Amino acid sequence: MKEQLEALNGLTINFGQGGMMIVNIILAFVMFGVALGIKPQTFKDVFKNPKSVILGIFLQWVALPAITFAIALALNPLITPMIALGMILVASCPGGNISNFISSLSKGNIELSVSMTAITTAFAPIVTPFNFFLWGSLYSQIISLKSDIPTLVIPFLPMLEQILLLLGLPILLGLIFSRYFPNATKKISRPTMILSILLFFGMVVVSFSQNFQLFIDNIFYVFFIVLIHNACALSTGYIGGTLAKVPTRDRRSLTVEIGIQNSGLGLILLFNPNIFPPEIWHNHYGGMLFITAWWGIWHIVSGLSVAYMFRRTPITH
(Lines give C-alpha, C1' and ligand atoms only; values in the text may rest on other atoms or scores of the structure.)
Protein backbone atom coordinates (compact mmCIF):
# COMPACT_ATOMS: atom_id res chain seq x y z
CA MET A 1 0.00 0.00 0.00
CA LYS A 2 2.75 2.44 0.94
CA GLU A 3 4.59 1.77 -2.31
CA GLN A 4 1.38 2.35 -4.25
CA LEU A 5 0.75 5.66 -2.52
CA GLU A 6 4.29 6.80 -3.32
CA ALA A 7 3.15 7.08 -6.94
CA LEU A 8 0.87 9.94 -5.93
CA ASN A 9 3.86 12.16 -5.23
CA GLY A 10 4.51 12.27 -8.95
CA LEU A 11 1.28 14.21 -9.48
CA THR A 12 2.00 17.66 -10.88
CA ILE A 13 -0.49 20.49 -11.27
CA ASN A 14 0.66 23.71 -12.85
CA PHE A 15 -1.92 26.45 -13.25
CA GLY A 16 0.49 29.08 -14.50
CA GLN A 17 0.33 32.71 -13.44
CA GLY A 18 -3.11 33.31 -14.95
CA GLY A 19 -4.50 30.11 -13.49
CA MET A 20 -3.19 30.93 -10.04
CA MET A 21 -4.93 34.29 -10.17
CA ILE A 22 -8.21 32.47 -10.85
CA VAL A 23 -7.54 30.07 -7.96
CA ASN A 24 -6.88 32.98 -5.60
CA ILE A 25 -10.06 34.72 -6.77
CA ILE A 26 -12.02 31.53 -6.06
CA LEU A 27 -10.51 31.37 -2.57
CA ALA A 28 -11.34 35.04 -1.94
CA PHE A 29 -14.90 34.49 -3.14
CA VAL A 30 -15.37 31.41 -0.93
CA MET A 31 -14.05 33.18 2.18
CA PHE A 32 -16.08 36.29 1.40
CA GLY A 33 -19.19 34.09 1.19
CA VAL A 34 -18.42 32.39 4.50
CA ALA A 35 -17.86 35.77 6.16
CA LEU A 36 -21.34 36.88 5.09
CA GLY A 37 -22.74 34.50 7.69
CA ILE A 38 -20.62 35.97 10.49
CA LYS A 39 -22.53 38.50 12.56
CA PRO A 40 -21.07 40.54 15.45
CA GLN A 41 -24.04 39.38 17.52
CA THR A 42 -22.77 35.82 17.11
CA PHE A 43 -19.67 36.59 19.16
CA LYS A 44 -21.76 38.36 21.80
CA ASP A 45 -24.10 35.36 22.12
CA VAL A 46 -21.13 33.08 22.77
CA PHE A 47 -20.62 34.64 26.19
CA LYS A 48 -24.25 34.08 27.21
CA ASN A 49 -23.90 30.27 27.09
CA PRO A 50 -20.23 29.64 26.42
CA LYS A 51 -19.77 25.99 27.46
CA SER A 52 -20.62 24.29 24.16
CA VAL A 53 -18.87 26.90 22.01
CA ILE A 54 -15.68 26.79 24.08
CA LEU A 55 -15.78 22.99 23.96
CA GLY A 56 -16.28 23.08 20.20
CA ILE A 57 -13.38 25.47 19.64
CA PHE A 58 -11.15 23.25 21.79
CA LEU A 59 -12.15 20.15 19.82
CA GLN A 60 -11.62 21.97 16.50
CA TRP A 61 -8.34 23.72 17.27
CA VAL A 62 -6.65 21.29 19.65
CA ALA A 63 -8.25 17.84 19.78
CA LEU A 64 -8.74 17.21 16.05
CA PRO A 65 -5.17 18.17 14.98
CA ALA A 66 -3.72 16.18 17.91
CA ILE A 67 -5.83 13.10 17.12
CA THR A 68 -4.96 13.42 13.44
CA PHE A 69 -1.28 13.53 14.38
CA ALA A 70 -1.73 10.32 16.42
CA ILE A 71 -3.58 8.62 13.54
CA ALA A 72 -0.83 9.61 11.11
CA LEU A 73 1.82 8.09 13.39
CA ALA A 74 -0.25 4.92 13.87
CA LEU A 75 -0.68 4.54 10.09
CA ASN A 76 2.95 5.44 9.35
CA PRO A 77 3.88 1.88 8.24
CA LEU A 78 1.08 2.04 5.64
CA ILE A 79 0.99 5.64 4.41
CA THR A 80 3.50 8.11 2.99
CA PRO A 81 4.61 11.28 4.80
CA MET A 82 2.78 13.44 2.27
CA ILE A 83 -0.47 11.57 2.87
CA ALA A 84 0.00 12.21 6.59
CA LEU A 85 0.72 15.92 6.04
CA GLY A 86 -2.40 16.14 3.88
CA MET A 87 -4.41 14.77 6.79
CA ILE A 88 -2.81 17.30 9.15
CA LEU A 89 -3.52 20.15 6.72
CA VAL A 90 -7.21 19.22 6.53
CA ALA A 91 -7.41 19.00 10.34
CA SER A 92 -5.84 22.47 10.57
CA CYS A 93 -8.54 24.08 8.42
CA PRO A 94 -11.66 25.71 9.91
CA GLY A 95 -15.14 24.21 9.75
CA GLY A 96 -16.63 23.76 6.28
CA ASN A 97 -19.12 26.23 4.87
CA ILE A 98 -21.80 23.53 4.52
CA SER A 99 -21.61 22.50 8.18
CA ASN A 100 -24.45 24.85 9.14
CA PHE A 101 -26.71 23.26 6.53
CA ILE A 102 -25.79 19.73 7.66
CA SER A 103 -26.32 20.75 11.29
CA SER A 104 -29.78 22.01 10.40
CA LEU A 105 -30.63 18.69 8.73
CA SER A 106 -29.38 16.94 11.88
CA LYS A 107 -31.81 18.93 14.07
CA GLY A 108 -28.80 20.29 15.91
CA ASN A 109 -28.15 23.64 17.57
CA ILE A 110 -27.91 25.99 14.58
CA GLU A 111 -26.74 28.92 16.71
CA LEU A 112 -23.86 26.81 18.03
CA SER A 113 -22.97 25.64 14.53
CA VAL A 114 -22.96 29.18 13.15
CA SER A 115 -20.93 30.43 16.11
CA MET A 116 -18.28 27.76 15.67
CA THR A 117 -18.01 28.30 11.92
CA ALA A 118 -17.77 32.05 12.44
CA ILE A 119 -15.06 31.86 15.09
CA THR A 120 -12.91 29.19 13.40
CA THR A 121 -13.17 31.01 10.07
CA ALA A 122 -12.39 34.43 11.54
CA PHE A 123 -9.24 33.10 13.21
CA ALA A 124 -8.25 30.74 10.38
CA PRO A 125 -5.57 33.10 9.00
CA ILE A 126 -3.61 32.52 12.20
CA VAL A 127 -4.76 29.14 13.55
CA THR A 128 -4.52 27.19 10.26
CA PRO A 129 -0.84 27.93 9.52
CA PHE A 130 0.08 27.57 13.19
CA ASN A 131 -1.50 24.12 13.58
CA PHE A 132 -0.11 22.87 10.29
CA PHE A 133 3.35 24.13 11.22
CA LEU A 134 3.19 22.69 14.74
CA TRP A 135 1.86 19.20 14.03
CA GLY A 136 3.39 18.91 10.56
CA SER A 137 6.87 19.78 11.82
CA LEU A 138 6.53 17.45 14.80
CA TYR A 139 5.41 14.59 12.58
CA SER A 140 8.24 15.22 10.12
CA GLN A 141 10.82 15.24 12.93
CA ILE A 142 9.53 12.02 14.50
CA ILE A 143 9.41 9.96 11.31
CA SER A 144 12.83 11.22 10.22
CA LEU A 145 14.24 9.73 13.41
CA LYS A 146 12.80 6.34 12.53
CA SER A 147 13.58 6.23 8.82
CA ASP A 148 15.77 7.64 6.08
CA ILE A 149 13.21 10.32 5.22
CA PRO A 150 14.78 13.78 5.56
CA THR A 151 13.13 16.27 7.91
CA LEU A 152 10.83 18.51 5.89
CA VAL A 153 11.04 22.15 6.94
CA ILE A 154 7.58 23.74 6.91
CA PRO A 155 7.85 27.54 6.44
CA PHE A 156 5.57 29.18 9.01
CA LEU A 157 6.05 32.91 8.35
CA PRO A 158 5.57 32.72 4.55
CA MET A 159 2.40 30.68 5.13
CA LEU A 160 1.12 33.15 7.72
CA GLU A 161 1.83 36.14 5.50
CA GLN A 162 0.07 34.67 2.46
CA ILE A 163 -2.91 33.30 4.39
CA LEU A 164 -3.45 36.62 6.17
CA LEU A 165 -3.62 38.25 2.74
CA LEU A 166 -5.69 35.58 0.98
CA LEU A 167 -8.09 34.90 3.85
CA GLY A 168 -7.97 37.93 6.11
CA LEU A 169 -8.91 40.53 3.48
CA PRO A 170 -11.92 38.64 2.02
CA ILE A 171 -13.19 37.86 5.53
CA LEU A 172 -12.89 41.52 6.53
CA LEU A 173 -14.71 42.62 3.37
CA GLY A 174 -17.44 40.05 4.00
CA LEU A 175 -17.92 41.29 7.56
CA ILE A 176 -18.14 44.89 6.37
CA PHE A 177 -20.58 43.99 3.58
CA SER A 178 -22.91 42.05 5.91
CA ARG A 179 -22.78 44.89 8.45
CA TYR A 180 -23.75 47.68 6.06
CA PHE A 181 -25.83 45.75 3.50
CA PRO A 182 -27.91 43.28 5.57
CA ASN A 183 -30.73 42.95 3.03
CA ALA A 184 -28.37 42.19 0.16
CA THR A 185 -26.51 39.74 2.41
CA LYS A 186 -29.70 37.74 3.04
CA LYS A 187 -30.31 37.47 -0.69
CA ILE A 188 -26.84 36.38 -1.75
CA SER A 189 -25.71 34.21 1.19
CA ARG A 190 -27.31 30.94 0.06
CA PRO A 191 -26.46 31.35 -3.68
CA THR A 192 -22.90 32.19 -2.65
CA MET A 193 -22.63 28.98 -0.61
CA ILE A 194 -23.97 26.86 -3.49
CA LEU A 195 -21.67 28.55 -5.99
CA SER A 196 -18.71 28.01 -3.65
CA ILE A 197 -19.40 24.25 -3.58
CA LEU A 198 -19.73 24.13 -7.38
CA LEU A 199 -16.49 26.06 -7.82
CA PHE A 200 -14.73 23.63 -5.49
CA PHE A 201 -15.90 20.59 -7.44
CA GLY A 202 -15.03 22.28 -10.72
CA MET A 203 -11.56 23.08 -9.46
CA VAL A 204 -11.04 19.46 -8.36
CA VAL A 205 -12.16 18.13 -11.75
CA VAL A 206 -9.94 20.53 -13.70
CA SER A 207 -6.97 19.93 -11.41
CA PHE A 208 -7.06 16.15 -11.70
CA SER A 209 -8.29 15.80 -15.28
CA GLN A 210 -4.74 15.30 -16.56
CA ASN A 211 -4.04 12.74 -13.83
CA PHE A 212 -7.31 10.83 -14.02
CA GLN A 213 -5.73 7.38 -14.35
CA LEU A 214 -3.48 8.04 -11.37
CA PHE A 215 -6.60 8.98 -9.41
CA ILE A 216 -8.42 5.79 -10.42
CA ASP A 217 -5.42 3.62 -9.58
CA ASN A 218 -5.18 4.98 -6.03
CA ILE A 219 -8.72 5.99 -5.05
CA PHE A 220 -9.20 2.66 -3.24
CA TYR A 221 -6.41 3.43 -0.78
CA VAL A 222 -7.21 7.14 -0.45
CA PHE A 223 -10.88 6.30 0.15
CA PHE A 224 -10.16 4.20 3.22
CA ILE A 225 -7.63 6.66 4.65
CA VAL A 226 -10.12 9.52 4.40
CA LEU A 227 -12.90 7.25 5.67
CA ILE A 228 -10.91 6.48 8.83
CA HIS A 229 -9.81 10.08 9.32
CA ASN A 230 -13.28 11.55 8.79
CA ALA A 231 -14.88 8.93 11.07
CA CYS A 232 -12.41 9.91 13.80
CA ALA A 233 -13.22 13.60 13.26
CA LEU A 234 -16.97 12.97 13.58
CA SER A 235 -16.34 10.79 16.64
CA THR A 236 -14.19 13.51 18.22
CA GLY A 237 -17.13 15.89 18.14
CA TYR A 238 -19.67 13.33 19.34
CA ILE A 239 -17.54 11.81 22.12
CA GLY A 240 -16.32 15.22 23.24
CA GLY A 241 -19.89 16.45 23.56
CA THR A 242 -20.93 13.26 25.35
CA LEU A 243 -18.12 13.44 27.90
CA ALA A 244 -18.88 17.11 28.55
CA LYS A 245 -22.58 16.24 28.98
CA VAL A 246 -23.83 18.98 26.67
CA PRO A 247 -27.45 18.85 25.40
CA THR A 248 -28.27 16.44 22.55
CA ARG A 249 -28.75 19.22 20.00
CA ASP A 250 -25.36 20.70 20.91
CA ARG A 251 -23.73 17.28 20.64
CA ARG A 252 -25.12 16.85 17.14
CA SER A 253 -23.76 20.21 16.01
CA LEU A 254 -20.36 19.46 17.55
CA THR A 255 -20.26 16.17 15.63
CA VAL A 256 -21.02 17.91 12.36
CA GLU A 257 -18.72 20.90 12.92
CA ILE A 258 -15.67 18.76 13.74
CA GLY A 259 -16.46 16.29 10.94
CA ILE A 260 -16.99 18.89 8.20
CA GLN A 261 -13.73 20.65 7.39
CA ASN A 262 -13.07 23.44 4.90
CA SER A 263 -10.85 21.18 2.81
CA GLY A 264 -11.46 23.43 -0.19
CA LEU A 265 -9.38 26.02 1.62
CA GLY A 266 -6.63 23.46 2.14
CA LEU A 267 -6.69 22.52 -1.54
CA ILE A 268 -6.41 26.12 -2.70
CA LEU A 269 -3.57 26.76 -0.27
CA LEU A 270 -1.71 23.78 -1.74
CA PHE A 271 -2.03 25.31 -5.20
CA ASN A 272 -0.39 28.55 -4.09
CA PRO A 273 3.39 28.50 -4.82
CA ASN A 274 3.98 31.31 -2.33
CA ILE A 275 2.68 29.08 0.48
CA PHE A 276 4.05 25.74 -0.73
CA PRO A 277 7.10 26.76 -2.82
CA PRO A 278 7.95 24.26 -5.59
CA GLU A 279 11.63 24.29 -4.60
CA ILE A 280 10.68 22.90 -1.18
CA TRP A 281 7.68 20.73 -2.07
CA HIS A 282 8.72 19.48 -5.52
CA ASN A 283 7.30 15.99 -6.18
CA HIS A 284 5.56 16.08 -2.80
CA TYR A 285 2.22 17.69 -3.62
CA GLY A 286 0.45 14.60 -4.92
CA GLY A 287 -0.40 12.78 -1.73
CA MET A 288 -1.52 15.95 0.01
CA LEU A 289 -3.65 17.01 -2.95
CA PHE A 290 -5.40 13.65 -3.24
CA ILE A 291 -6.24 13.46 0.46
CA THR A 292 -7.46 17.05 0.63
CA ALA A 293 -9.53 16.83 -2.55
CA TRP A 294 -11.21 13.55 -1.61
CA TRP A 295 -11.96 14.90 1.88
CA GLY A 296 -13.94 17.71 0.24
CA ILE A 297 -16.12 15.16 -1.53
CA TRP A 298 -16.41 12.51 1.18
CA HIS A 299 -17.32 14.76 4.12
CA ILE A 300 -20.48 15.79 2.26
CA VAL A 301 -21.49 12.13 1.93
CA SER A 302 -20.64 11.31 5.55
CA GLY A 303 -22.26 14.52 6.81
CA LEU A 304 -25.54 13.77 5.06
CA SER A 305 -25.40 10.18 6.35
CA VAL A 306 -24.89 11.37 9.92
CA ALA A 307 -27.71 13.90 9.50
CA TYR A 308 -30.03 11.11 8.33
CA MET A 309 -29.23 9.00 11.41
CA PHE A 310 -29.63 11.96 13.76
CA ARG A 311 -33.03 12.86 12.28
CA ARG A 312 -34.27 9.34 12.96
CA THR A 313 -33.08 9.49 16.59
CA PRO A 314 -35.30 11.30 19.15
CA ILE A 315 -33.79 14.15 21.17
CA THR A 316 -33.71 13.04 24.80
CA HIS A 317 -32.48 16.20 26.52
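Residues numbered from 1 in each chain as written. Predicted model: local features only at pLDDT ≥ 70, side-chain atom pairs only at ≥ 80, totals over all residues. Heavy atoms only, no water.

Asks: Tell me about helix H7 (residues 110–122), residues and numbers included.
Replies: Taking 1.5 Å per residue as the helical rise, H7 with its 13 residues ought to reach 18 Å, and the 18 Å between its terminal C-alpha atoms agrees with that figure. Among all positions in H7, only Leu112, Ser113, Ser115, Met116, Thr117, Ala118, Ile119, Thr120 and Thr121 are buried. The backbone nitrogen of Leu112 has a side-chain oxygen 3.0 Å away, supplied by the residue at the start of H7, namely Asn109. (Helix = DSSP H or I, 4+ residues; strand = E, 2+ residues; numbered from the N terminus. Expected span 1.5 Å × (residues − 1). Buried < 20%, exposed > 50% of the residue type's maximum accessible area, 1.4 Å probe, protein only. Polar contact = N/O pair within 3.5 Å; in protein donor to acceptor, adjacent residues only side chain to side chain.)

Asks: Outline the packing of aromatic side chains, supporting the account with residue identities and numerical values.
Replies: Applying the stated rule across the entire model yields nine aromatic pairs. Where Phe220 meets Phe224, the ring centres are 5.0 Å apart and the plane angle is 70°; that geometry is what we call edge-to-face. In this pair, Phe220 and Phe224 are both assigned in helix H11 (residues 212–243), four residues apart and thus about one turn of the helix distant. Phe220 gets classed as exposed once you look at its relative accessible area, which sits at 54%. With relative accessibility at 37%, the residue Phe224 sits in the partly exposed group. Of the aromatic side chains, those joined through ring pairs into one cluster are Phe220, Tyr221, Phe223, Phe224, Trp294 and Trp298. The ring of Tyr238 carries Arg251 above its face, with NZ or CZ at 5.6 Å from the centroid. (Phe/Tyr/Trp six-rings, centres within 6.5 Å; stacked < 30°, edge-to-face > 60°. Lys NZ or Arg CZ within 6 Å of the ring centre and 35° of its normal.)

Asks: Which residues make up unusual backbone geometry, and what values do they have?
Replies: In this structure, Lys107 is a non-glycine residue whose phi angle is positive, near 60°. Following the sequence through the fold, Lys107 ends up in the loop between helix H6 (99–105) and H7. A residue is classified by how much of its surface remains accessible, and Lys107, at 41% relative accessible area, is partly exposed.

Asks: Break down the nonpolar core for me, citing the residues and quoting the values.
Replies: Among soluble globular proteins, nonpolar side chains are generally buried collectively. Core analysis: the biggest nonpolar cluster contains 61 residues, and Phe132, Tyr139, Leu167, Phe276, Met288 and Ile291 have the highest contact counts within it. One finds Ile102, Val256, Ile300 and Ala307 within the second-largest nonpolar core, a separate group that totals six residues. (Core = buried A, V, L, I, M, F, W, Y, C linked by side-chain atoms within 4.5 Å.)

Asks: Please provide a residue-by-residue account of the packing of helix H4 (residues 50–74) against H7, values included.
Replies: Relative to each other, H4 and H7 sit at 45°, their axes nearing to 10 Å. Judged on the interaxial angle alone, H7 and H4 are oblique. For H4 against H7, the interelement crossing comes out right-handed. Within the contact between the two elements, H4 uses Ser52, Val53, Gly56, Ile57, Gln60 and Trp61 and H7 uses Leu112, Ser115, Met116, Ile119 and Thr120. For the contact of H4 with H7, the residue count by class is six nonpolar, five polar and no charged. (Axes fitted to C-alpha atoms, helices over the stretch in contact; angles between N-to-C directions. Parallel < 35°, antiparallel > 145°, perpendicular 65-115°, else oblique. Left-handed = near helix turned anticlockwise from the far one by under 90°. Contact = heavy atoms within 4.5 Å. Nonpolar A, V, L, I, M, F, W, Y, C, P; charged D, E, K, R; others polar.)

Asks: Can you explain the side chain of Thr68? Please cite residues and give values.
Replies: Within the secondary structure, Thr68 is located in helix H4. On the basis of relative accessible area, Thr68 is assigned to the buried category, the value being 0%. Polar contacts involving the side chain of Thr68 include one to the side chain of His229, which spans 2.9 Å. In this structure Thr68 touches Met87, Ile88, Ala91 and His229, once residues within four positions along its chain are discounted.

Asks: Can you break down a nonpolar patch on the surface residue by residue, with the values?
Replies: A contiguous nonpolar patch, built from Leu165, Leu169, Leu172, Leu173, Ile176, Tyr180 and Phe181 and spanning about 720 Å² of accessible area, is present on the exposed surface. The topology assignment puts Leu173 in helix H9 (residues 156–180). A relative accessible area of 44% places Leu173 in the partly exposed class. (Patch = residues over 30% accessible without salt bridge, like charges linked within 9 Å, V, L, I, M, F, W, Y side chains within 5 Å. Areas by Shrake-Rupley, 256 points an atom, 1.4 Å probe, with all protein chains shown as cover. Salt bridge = Lys/Arg side-chain N within 4 Å of Asp/Glu carboxyl O.)

Asks: Describe the side chain of Asp250, and please don't skip the residues or the numbers.
Replies: Here Asp250 lies in helix H12 (residues 248–259). Buried within the structure, Asp250 lacks any salt-bridge partner; Arg249 is the closest side chain of opposite charge, at an N-O distance of 5.1 Å. Engagement of the side chain of Asp250 in a polar contact is seen with the side chain of Ser52, the distance being 2.6 Å. Every residue in contact with Asp250, bar those within four places of it in the chain, is listed here: Ser52, Asn109 and Leu112. (Lys, Arg positive; Asp, Glu negative; His and termini not counted.)

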